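# Commentary on secondary and tertiary structure
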Amino acid sequence: MTAPSNTDDVVEQILSTYDTITVVGASANPSKAANEVPAYMKNRGWRIIPVNPTADEIVGEKVYRTLADVPEQVGLVDVFRPGPECADVARAAVAAGATALWLQLGIRSAEARSIAEDAGVLYVEDRCLIIEQRRTGIVPG
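For clarity, every value in this text was computed on a predicted model and none was experimentally measured. (Residues numbered from 1 in each chain as written. Predicted model: local features only at pLDDT ≥ 70, side-chain atom pairs only at ≥ 80, totals over all residues. Heavy atoms only, no water.)

## Some thoughts on the side chain of Glu125
Mapped onto the elements, Glu125 comes out in the loop between β7 (122–124) and α5 (129–136). Residue class for Glu125 comes out buried when judged on its relative accessible area of 18%. In terms of polar contacts, Glu125 uses its side chain to reach the side chain of Arg113, at 3.3 Å. Non-local contacts of Glu125, meaning those with residues more than four positions away in its chain, are made with Leu103, Ile107, Arg108, Ser109 and Arg113. (Helix = DSSP H or I, 4+ residues; strand = E, 2+ residues; numbered from the N terminus. Buried < 20%, exposed > 50% of the residue type's maximum accessible area, 1.4 Å probe, protein only. Polar contact = N/O pair within 3.5 Å; in protein donor to acceptor, adjacent residues only side chain to side chain. Contact = heavy atoms within 4.5 Å.)

Put into structure tokens, the structure is as follows:
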């Protein structure tokens, strides 16, 4: 998969390619964006795989403790973790075979970007899936 150079193009490629979103840092608390975003994307047709070390169920889905625990190939990994933790998440995503890494609005990491790009992984940071889905109108095929 050749990565487009324009972030808007990468966003559109990701939204139109992946129908499953593995959410690292998903929250069981409905007042948090880490719950609202996966719930919104699920309601628009995406399958959600939550990753959280303490919860058992989030947005009606079974939760896995780590990315390595997800029993299937991951594609798109959406991250709700602080910037300083994102390099480790990027390493885990690459190790799990992810082909796209998305850091949510307000989250940036030059090291995560470098890890993803070195591995040929599509990369978006500081963007919200809800905002981008509404902007593009893309839903899973």
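## Overview of the layout of surface pockets
Taken as a whole, the largest pocket holds about 250 Å³ of empty space. Along its surface, the largest pocket is lined by 14 residues, and Val24, Gly25, Arg81, Glu85 and Val89 are the ones closest to its centre. For the lining of the largest pocket, the element with the most residues is helix α3 (residues 86–95), which contributes three residues. Residue classes in the lining of the largest pocket are distributed as seven nonpolar, three polar and four charged. (1 Å grid on protein atoms, 1.4 Å probe; cavity = no way out; pocket = protein on both sides within 12 Å on 5 of 7 lines; lining within 4 Å. Points joined across faces, edges and corners; volume = space filled by probe spheres on them. Nonpolar A, V, L, I, M, F, W, Y, C, P; charged D, E, K, R; others polar.)

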